[in-house]
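# Inside the fold
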Amino acid sequence: MKKLIKIGLMGGTFNPIHIGHLVMAEEIRKGFGLDKVLFIPTGNPPHKLIEGQVSSEDRYIMTLLATASNEHFEVSDIETKRIGTSYTVDTIKELKEIYPMAEFYFITGADAILEIETWKNTKELLDSCKFIAATRPGYNMNELKSGIQKLEKKYNRQISSLSIAPIDLSSTDIRKRLKVGKTVKYMIPDSVINYINKKNLYR
Ligand SMILES: Nc1ncnc2c1ncn2[C@@H]1O[C@H](COP(=O)(O)OP(=O)(O)OP(=O)(O)O)[C@@H](O)[C@H]1O
Ligand SMILES: O=C(O)c1ccc[n+]([C@@H]2O[C@H](COP(=O)([O-])O)[C@@H](O)[C@H]2O)c1
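Just so it is clear, the model here is predicted, and its values are computed rather than measured. By convention here, each chain's residues receive numbers from 1 onward along its written sequence. Whichever chain is written first becomes A and whichever ligand is written first becomes 1, with later ones labelled in order. Residue-level local features of this predicted model are given only where pLDDT is at least 70; pairs of side-chain atoms are given and counted only at 80 or more, and the full residue set underlies all totals for whole chains, interfaces and linings.

### Side note on the overall build of the chain
In terms of helices and strands, the chain carries eight helices and six strands. By the compact-globule yardstick of 17 Å for 203 residues, the chain fits well, its C-alpha radius of gyration being 17 Å. For the chain, the spread of C-alpha atoms along the three principal axes comes to 50 × 35 × 30 Å. Burial statistics for the chain: of 203 residues in total, 37% are counted as buried. It is the C-beta atoms, placed from the backbone, that decide contacts: two residues are in contact if theirs lie within 7 Å. The contacts in the chain between residues at least 6 apart in sequence include a share of 77% that link residues at least 24 apart. Secondary structure counts use DSSP, requiring at least four H or I residues in a row for a helix and at least two E residues in a row for a strand, with both numbered from the N terminus. Restricting the calculation to C-alpha atoms gives the radius of gyration, and the globule rule supplies 2.2 Å times the number of residues raised to the power 0.38. Exposure classes come from backbone-placed C-beta atoms, where a residue is buried if 20 or more other C-beta atoms lie within 10 Å of its own, exposed if 12 or fewer do, and partly exposed in between.

Pasting the structure below:
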């Protein structure tokens, strides 16, 4: 029997991608023995407005640039190419057709997993693949564990969690810093800074 390839799915608005995303994806990849992590920038995200005059293509390209140095990272345009709102449940369905020999692990931060009941078709979504939630500054492990336990009980599914190196950064912080001309060096990769400067984004 052929071995299933383990693919982590790292969905995000990535407006822009920062080291919190990269550290989280790499820690989870190593911690759970995943073969690769597929970054999936959202097209039209369900619960967010895209701030900063940035197109889906810009967010996709910045994600490509940020992940280029990791041979285990790939980027998918499955959502940025889709017309209309991107729902994770639809994306996972599509990915299962593209990768029939894969086992999927959807990766989220603590904030995202604790809001998963606001996502489209939560039950079908939790049944469709494994979920792994990482700690994030502002959400302690106990808070995360008890939120996960409630979800596990209600939906009869196991959800994994991992305590990762705390990186107290968000894309909101990065956008604010760029707007007022503060440095973001070491918070996002240099290649992404160069792209932002070249395209004059977030000013
Ligand atoms: N610093 C971080 N530590 C752990 N998880 C994070 C961190 N930043 C983002 N994530 C997780 O990465 C995923 C994608 O996040 P997203 O692209 O919305 O970034 P964000 O920094 O939360 O953005 P924004 O500030 O615009 O809301 C989500 O599951 C989120 O929980
Ligand atoms: O499917 C949904 O209803 C849904 C609602 C909110 C967020 N998501 C997904 O969650 C991931 C993180 O989203 P965000 O808004 O924190 O960048 C990203 O892949 C989104 O598409 C998905």
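### Considering the pairing of strand 2 (residues 36–41)
Within strand 2, five of the six residues are buried, which leaves the element mostly enclosed by the surrounding structure. Pairing between strand 1 (residues 5–12) and strand 2: six bridges, direction parallel. Its bridge partner lying in strand 2, Met 10 is registered against Phe 39. When the strands point away from the viewer, a crossover counts as right-handed if the path from the first strand over the helix to the second runs clockwise. For the handedness criterion, the β-α-β arrangement of strand 1, helix 1 (residues 19–31) and strand 2 is classed as right-handed. For two strands to pair, DSSP has to find at least two bridges joining them. Bridge count between strand 2 and strand 3 (residues 73–75): three bridges; the pairing is parallel. Across the sheet, the residue bridging to Phe 39 is Val 75, located in strand 3.

### Some thoughts on the sheet that holds strand 4 (residues 102–109)
Taken in spatial order, the six strands of this open sheet run 3-2-1-4-5-6, and their pairing is parallel. Bordering the open sheet on either side are strand 3 and strand 6 (159–162), each of which pairs with just one other strand. Neighbour-to-neighbour, the strand axes of this sheet turn through a mean angle of 30 degrees, independent of strand direction. Geometry is summarised by axes, namely lines fitted to C-alpha atoms with helices restricted to the contacting stretch, and by angles between N-to-C directions that run from 0 to 180 degrees. Each of strand 1, strand 2, strand 3, strand 4, strand 5 (130–134) and strand 6 is contacted by helix 1, which is oriented at about 160 degrees to strand 1, the strand it contacts most.

### Concerning the site of ligand 1
Residues in contact with ligand 1 amount to 18 residues; listed here are only the nearest, Gly 12, Gly 20, Gly 109, Ser 170 and Thr 172. Those elements that provide at least two residues to the shell around ligand 1 are helix 1, strand 4, helix 4 (110–113) and helix 7 (171–179). Tallied by class, the residues present in the shell around ligand 1 amount to six nonpolar, 10 polar and two charged. Any residue whose backbone-placed C-beta atom lies within 6 Å of a molecule or strand is treated as near that molecule or strand. Under the convention adopted here, Pro, Cys and the residues Ala, Val, Leu, Ile, Met, Phe, Trp and Tyr are nonpolar, Asp, Glu, Lys and Arg are charged, and Gly plus all remaining residues are polar.

### Remarks on the environment of Pro 16
Along the polypeptide, Pro 16 turns up in the loop between strand 1 and helix 1. The exposure class of Pro 16 is buried, given the 28 C-beta atoms found within 10 Å. Between the alpha carbons of Pro 16 and Thr 63 there is a distance of 7.9 Å; along the sequence they are 47 residues apart. For Pro 16, the contacting residues outside a window of four places in its chain are Arg 59, Met 62, Ser 171, Ile 174, Ile 188, Val 192 and Ile 196.

### Comments concerning the packing of helix 2 (residues 56–67) against helix 8 (residues 190–199)
When two helices pack together, their arrangement is given by the angle between the helix axes and the distance between those axes. Viewed as axis vectors pointing N to C, helix 2 and helix 8 meet at an angle of 150 degrees, and their least axial separation amounts to 8 Å. With respect to helix 8, the axis of helix 2 lies roughly antiparallel. Here helix 2 contributes Asp 58, Ile 61, Met 62, Leu 65 and Ala 66 to the contact with helix 8, which in turn contributes Ser 191, Val 192, Tyr 195 and Lys 199. Of the residues that constitute the contact of helix 2 with helix 8, the class distribution is six nonpolar, one polar and two charged. Orientation is classified from the angle alone, with under 35 degrees giving roughly parallel, over 145 giving roughly antiparallel, 65 to 115 giving roughly perpendicular, and any other angle giving oblique.

### Some points on helix 6 (residues 141–155)
In this analysis, the expected span of each helix is defined as 1.5 Å times one less than the number of residues it contains. Here helix 6 spans 21 Å end to end across 15 residues, near enough to the 21 Å set by a 1.5 Å rise per residue. Regarding helix 6, the residues found buried are Leu 144, Ile 148 and Leu 151. Projected onto a plane normal to the axis of helix 6, the buried residues spread over an arc of 60 degrees and lie on a single side. Residues of helix 6 that are exposed and point more than 90 degrees away from the buried face comprise Asn 142, Ser 146, Gln 149, Lys 150, Lys 153 and Lys 154. Buried-residue contacts for helix 6 involve helix 4, strand 5 and strand 6. Once helix 6 ends, the next one or two residues include Asn 156, with phi positive near 55 degrees. Relevant arc is that of directions from the helix axis to the C-beta atoms, nothing else.

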